[in-house]
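# A closer look at the structure
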Amino acid sequence: MSSRLLRRLALVQLLLFLASCFFFLPLPKVQAQELKPGVLVLAHGANDPKWFTPVWELVYGLQEHLPWPVELGFLEAINPDIPEAVAKLNHQGVNRIIAVPFFISTYSNHIEEIKYILGLRKDLPDPEEKLERAEPAGEVILTRALDDHPLFASLLTRLATSLVQNPEQEVVVLAAHGSDSEEGQEGWRQNLASLGEQMKASSGGKIKEVLYGFIFEGASPSLEETVSRVIYEKKKTALVVPVMISEGYFTGVKVPGILKKFPQDKYRYPGIGQRALLTADKEMARLILEWRAANEIQPAPQIGEVKLNLDQAYAFAKKWPCSALAWRVAGIAYPRLLGDQMTRESWQVVSFLPPEAGSRPVFEAVAEKIYYLGSWAEILPPSPTFLITDRATGKTTLVHARPELFGGEDFFALRNKVVGGRASPAEQALLQKRLVLLLENLLTQPDEAFAVRQLDPLRVRKGQELLSFRYPELAWEEGKLCLCRTFLYRGLQEAFAALWKEGVPDQGSFTVETKIGTPCAAEFLGQLAGEGRYRQMGPQRPPLPEDFYLQVRDGQGRSVAVKLAKGTIPPEFFALRDKIKQGKATQGELVHFNNLRSAAILRLLTDPKTLQVEKFVPPAAEFRDLVGHWAEGAVAELAAKGLVSGYPDGTFKPDKPVTRAELASLLSRALNLAPGEEKHLELFADRNELPSWSRGAVAACVREALLQGYPAGELRVFCPDRQVPRVELAVVLNRVARSKGLTATSASLSFKDLRDIPSWAVVDVQQASQIGLVAGYPDGTFKPDKPVTRAEAAAMVLRLLEKLPATVQK
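Residues numbered from 1 in each chain as written. Predicted model: local features only at pLDDT ≥ 70, side-chain atom pairs only at ≥ 80, totals over all residues. Heavy atoms only, no water.

A few words now on unusual backbone geometry. Leaving glycine aside, a negative phi is the common case for residues, and trans is the common case for peptide bonds. A cis amide bond, omega 0°, links Asn79 with the succeeding residue Pro80. Residue placement: Pro80 occurs in the loop between β2 (70-74) and α3 (82-91). Unlike most non-glycine residues, Ala705 shows phi in positive territory, near 60°. Residue Ala705 is classed as partly exposed on the basis of its relative accessible area of 22%. At Lys783, a residue that is not glycine, the phi angle is positive and equals roughly 55°. With respect to the secondary-structure elements, Lys783 resides in the loop between α25 (762-771) and α26 (790-803). The class of Lys783 is partly exposed, set by a relative accessible area of 29%. (Helix = DSSP H or I, 4+ residues; strand = E, 2+ residues; numbered from the N terminus. Buried < 20%, exposed > 50% of the residue type's maximum accessible area, 1.4 Å probe, protein only.)

This part is about the environment of Leu742. Tracing the backbone shows Leu742 in the loop between α24 (726-739) and α25. Along the primary structure Leu742 and Lys803 are separated by 61 residues, whereas in three dimensions their C-alpha atoms are 7.9 Å apart. In contact with Leu742, not counting residues within four places along its chain, are Ala737, Ile771, Lys803 and Leu804. (Contact = heavy atoms within 4.5 Å.)

Counting buried positions along β2 gives five out of five residues, so the element sits mostly inside the fold. By the alternation rule, side chains of β2 split into Val70, Leu72 and Phe74 and Glu71 and Gly73, which are all buried. Bridge analysis of strand β1 (residues 37-43) against β2 gives five bridges, and the strand direction is parallel. The partner of Val39 across the bridge, within β2, is Val70. (Pairing = 2+ DSSP bridges.)

On the surface, a cluster of nonpolar side chains totalling about 290 Å² of accessible area is made up of Tyr249, Phe250 and Val253. Checked against the element boundaries, Phe250 lands in helix α8 (residues 249-259). (Patch = residues over 30% accessible without salt bridge, like charges linked within 9 Å, V, L, I, M, F, W, Y side chains within 5 Å. Areas by Shrake-Rupley, 256 points an atom, 1.4 Å probe, with all protein chains shown as cover. Salt bridge = Lys/Arg side-chain N within 4 Å of Asp/Glu carboxyl O.)

On to the packing of helix α11 (residues 310-317) against helix α12 (residues 320-337). Each pair of packed helices can be described by the angle between their axes along with the distance between the axes. Where α11 contacts α12, the two axes come as close as 9 Å, and the packing angle between them is 130°. With respect to their mutual orientation, α11 and α12 come out oblique. The hand of the α11/α12 crossing is right-handed. Seen from α11, the contacting residues are Leu310, Ala313, Tyr314 and Ala317; seen from α12, they are Trp320, Ser323, Ala324 and Trp327. Split into classes, the residues belonging to the contact of α11 with α12 amount to seven nonpolar, one polar and no charged. (Axes fitted to C-alpha atoms, helices over the stretch in contact; angles between N-to-C directions. Parallel < 35°, antiparallel > 145°, perpendicular 65-115°, else oblique. Left-handed = near helix turned anticlockwise from the far one by under 90°. Nonpolar A, V, L, I, M, F, W, Y, C, P; charged D, E, K, R; others polar.)

A few words now on α25. Among all positions of α25, only Asp764, Val765, Gln766, Gln767, Ala768 and Ile771 are buried. Residues of α25 that are buried make contact with α24 and α26. Looking at the residues trailing α25, positive phi occurs at Gly772, about 105°.

Here the focus is the sheet that holds strand β5 (residues 170-176). The strands that make up a sheet are held in pairs by hydrogen bonds between backbone atoms, and each pair lies either parallel or antiparallel. In spatial order, the strands read β6-β5-β7-β8; together these four strands make up an open sheet with parallel pairing. Edge positions in the sheet fall to β6 (210-214) and β8 (267-268), since each has one partner strand and no second. Contacts from helix α6 (residues 182-202) reach β5 and β6, with the element oriented near 150° to β6.

The full count for this structure, using the stated rule, is 21 aromatic pairs. Taking 6.3 Å as the distance between ring centres and 90° as the angle between the ring planes, the aromatic pair formed by Trp188 and Phe214 counts as edge-to-face. Placement of Trp188 in helix α6 and of Phe214 in strand β6 is noted, with a sequence separation of 26 residues between them. Across the pair, Phe214 and Trp188 agree in class, each one buried. Here the aromatic rings of Tyr471 and Tyr489 are separated by 4.9 Å at their centres, their planes lie at 50°, and the arrangement is tilted. Of this pair, Tyr471 sits in helix α16 (residues 471-475) while Tyr489 sits in helix α17 (residues 483-500), and the two are 18 residues apart along the sequence. (Phe/Tyr/Trp six-rings, centres within 6.5 Å; stacked < 30°, edge-to-face > 60°.)

Now for the environment of Cys719. Checked against the element boundaries, Cys719 lands in the loop between β26 (715-717) and α24. Given the relative accessible area of 16%, Cys719 is considered buried. Setting aside chain neighbours within four positions, we find Cys719 in contact with Arg660, Asp686 and Tyr710.

Attention shifts here to helix α2 (residues 49-65). Between its terminal C-alpha atoms α2 stretches 24 Å, which fits the 24 Å expected from 17 residues at 1.5 Å a residue. With a side-chain oxygen positioned 3.0 Å from the backbone nitrogen of Lys50, the residue opening α2 is Asp48. (Expected span 1.5 Å × (residues − 1). Polar contact = N/O pair within 3.5 Å; in protein donor to acceptor, adjacent residues only side chain to side chain.)

Put into structure tokens, the structure is as follows:
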């Protein structure tokens, strides 16, 4: 045979091998570019250090507080200009720019110029003016300017009330710049009118009327006209408050020059340092910009027709810390509950706060059913806790705002003192500062500032029916969450996870014993385990700490016992409960008792240390069909680890073939993989055929690229009931070994049936054989197409675990 022919044959073999890799190896994953947001602060620019220095100080504060890159770009006069600031964000990997105009009004003449520079409009606003375009690396979102922001209104209220002496004889006049277009002018008027209404509503009666006047030539009404109207027509004193970014020419020369035309005793004007946003309260200015940025960056749930961004949340509640709290909570829960139909009718909220809380209007806008557990008289650190359930999917997410968001646990004692009328003026002022800190933390802190837990339903199979019991429904009793039922829910969660991993037990295949003797516990266990399958060993009375105990046993003699860790429920709880039962508790003690119960429930649901779990797994030798079997030792070791189990009749059925669904479950348990998500199953045309007990395991194996299914047109199929041939298991085990750093050089195979091993699997079988994961039969064959038995699968997986580093198995 010629060398040319040999080369052609080698090329053909190479192409065939590459083709087999295309069909049988994991498909490459196309990953979308990760979004990295950044904040671009836009300022006008003035070549005056008194004007631009406070702007720079403001941006330095934003860079310190915001978790995203922040840059400043000036429109004119000084550097850096906007294109340069955009380039700096590009250099930091930002591909989603949130551009925040630090301007009084979105209707400023300069906003259209900014849009052109950022590529948000095609043509120049003024064809005679040359503006350099920026080159952003991704999306640009231009937010509103300050406009009628509620925090801006609160600052103007403070500046105005400092001038008030006789509210009935005074009118506040807002002095603003204005626009040279009718459309822009109308926008200015609407914003100033809104600011005026907010100022009157929040002033406590100190501000009776608010008007406005413009400085810009030709804008109507002019500042001079409005002040003249107040003084000569209304015969009142004009309290002139500038609506400006920073102090400079307008606040120091222009406005005072207009006011000099009137008698000095007919108007009042703030002193230097109180005439503009930046000089009066730089912290408030920073908060407004943080609000604008967070409004676009933080998750905004879409509940039916409601887009719950921060601005919308505030529109519902009109209270900024509470609005922001509800908005963050909903934003954290939304992606964890995401279903096909997220509607107001499908959402349910259980709030540990009282119904008087400012978060209520926000939740009422997005959820049909809301339950409140708290009292306005006392709010404690566990109180800002919310259980949000999507009733369409059965998913529940617990979100708890940690005390750190409030500046520490002392916030709640301070708040209760103020609400109870026991606080000094200094303490009242301190609470207002802490509320501002709370708002800033809600705007800037990551999700890790909240305790978040998924409360999965307890599931059992009853014949062909899958019963699902959601925590909020299981634990609800007489208008409150029940502490006993919460313990039973958590204890059964632990027991089910230990005995069935991702699987679902059959109702009637297990029994439950508990020392809690209450009727509510009997009702709970009757629903879940079935009548006659539970036993209450304790007396029929309210439980004591030692009564919080349960044990679950299955038909194979395995059991899991769960008891409450010492100190989970404070002794004060039981003392108050006895006092309430005797009718001797005060209203304050009753409120405090309910708060202690909420605190204990929160700990049970979020802190794994509150439960002590003991497992008992009988040795595999008790499987009556394994005594003397060649795989007896391997099965015994895996059973002791809780990785394999037998059948209710006490057998293991070692020679029964393993299905692909069973293999996924075994691999997931052995490798301690977190359950995958439904999105990982979307590539399979037969995903609806996957048994419920295997879906999380199959999704995990797909996520880890251990199992990929078979080609089937444009999609793939998983074939959950197909028996696993030995060659496929060898390939999968070698993939695992390779992913964990356990590799081997390919060695020649000596199996007599080597030709029966598919070309796409030869390398993996060679390496798996050399590592010691697979072996042949005594007759020298490998039998690649022979279905793997349960005993063989146990032996191969045990070999894999013995080869892997110990850290991998934890």
